[in-house]
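# Summary of structural features
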Amino acid sequence: MKKELRIGMIGYGFMGRTHSNGYRRVNNFFDLEYTPVLKAACARNQEELQKFADQWGYESTENDWRKLLERDDIDAVDICVPNNLHKEIAIAAAEAGKMILCEKPLAMNSEEGEEMCAAVEKAGVANTVWYNYRRVPAVTHAKNIIDSGKLGRIFHYRANFLQDWTISDDLPQGGNALWRLDVKAAGSGVTGDLLAHCIDTAVWLNGAVTEVTAMTETFIKERVHQETGEVTPVGIDDACSFLCRFENGSLGLFESTRYARGHKALYTFEVNGENASVKWDLHDLHRLDYFDHADESAVRGWRSIHVTDSDHPYMGNWWVPGLQIGYEHTFVHQVADFLKSLETGEPCAPTFRDALETQRVCDAVLKSATSKSWEKV
Ligand code: SOE
């Protein structure tokens, strides 16, 4: 008989679906002591919520997250609402003794993140933040290769996250699905939404970022607000590029935009070391490219590792070598790792404290874009 982890899901958007899919599928593929039980889904719009609850198999619904936190049949809450609500819900959930799985970014800024860390640490509740790209097998494989020392001294870390979905100037901001364009709900634009992913991976693979210099741009200055119908100034960064230094002496170059026509979600990174390099591309997510200078010159070149063998990270739990998995599996992996952490008592990274580090880099990036100078993290 498995132990139950009774989930209270707050929100029902894109991330509510990816996480629910993770909870539903995890025990089919991973052998774990725990099983998630979809106890309740919570949101204000009952009609939409009921559709979501029926589709994913939640046993009940709540329209007020405070009520959800009062229930003693909920062990863990999953925060899948806009960023401006993360802090209040997370602190209340910690005080209610609930475990917390929080969608990225952790918070609107690092001050909020600090308070959230203090709350979960004081309450001693298990916590994690859904930086899912760490759990693409090829990305975890890159981490293992770097940690084994194969690259030697690292010189460069380069990452991009490019999209094109906000180019139209008649796209409204705010409200359902478009809250990412409203600075009051999101805190920032591409920095918190997209670069946060790149920073989380970078810090995980290459260590701490010490200082940054950045530029941002808001190409479309005013948009209709979906909730009020009024034309209001746009407060988010539509694009952001920054240079940085890492604690290990390497140099970083990051770019993100929602104005790269032709790119829908192109997350790429490359790490160059003295002996070898690795590079990865979300559009070809099961491959890790690797170049090793020690190869005999006649055959030296970039090799494309198809990360689908059963001894590659996570892959032994899926099909047979050569057969791929995709984006949604990264969320299944995160649930598996969270459930495993309950068995072992080890934290499930990235914890709130780990994600606070990313938040600090984001804050320094946004500060540098305004001050036009280098900023320490
Ligand atoms: C925005 O379009 C978005 O959905 C992000 O919010 C996600 O975190 C990213 O993985 C894909 O793009």
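## Observations concerning the site of the ligand
As a structural note, the neighbourhood of the ligand is formed by Gln163, Asp193, His197 and Ala265. Here the shell around the ligand is built from residues that sort into one nonpolar, two polar and one charged.

## Some details on the sheet that holds strand 6 (residues 127–130)
As summarised here, the arrangement of the six strands in space is 3-2-1-4-5-6, forming an open sheet in which the pairing is parallel. The open sheet has two free edges, formed respectively by strand 3 (60–62) and strand 6, since each of these has just one partner strand. Strand-to-strand twist across the sheet, computed as the mean angle between neighbouring axes with direction ignored, equals 25°. Bridge analysis of strand 2 (residues 34–42) against strand 3 gives three bridges, and the strand direction is parallel.

## Focus: the domain arrangement of the protein chain
As assigned here, the protein chain comprises domain 1 (3–132) and domain 2 (133–376). Between the C-alpha centres of domain 1 and domain 2 the distance comes to 23 Å. At the junction of the two partners, domain 1 supplies 38 residues and domain 2 supplies 40 residues. It is helix 1 (residues 14–29) that provides the largest number of residues to the side of domain 1 that touches domain 2, a total of eight residues. Class assignment for the residues of the side of domain 1 that touches domain 2 results in 21 nonpolar, 13 polar and four charged.

Reading guide: rules and limits
Residues numbered from 1 in each chain as written. Predicted model: local features only at pLDDT ≥ 70, side-chain atom pairs only at ≥ 80, totals over all residues. Near = placed C-beta within 6 Å. Nonpolar A, V, L, I, M, F, W, Y, C, P; charged D, E, K, R; others polar. Pairing = 2+ DSSP bridges. Helix = DSSP H or I, 4+ residues; strand = E, 2+ residues; numbered from the N terminus. Axes fitted to C-alpha atoms, helices over the stretch in contact; angles between N-to-C directions. Domains from an automatic or database assignment. Contact = placed C-beta atoms within 7 Å.

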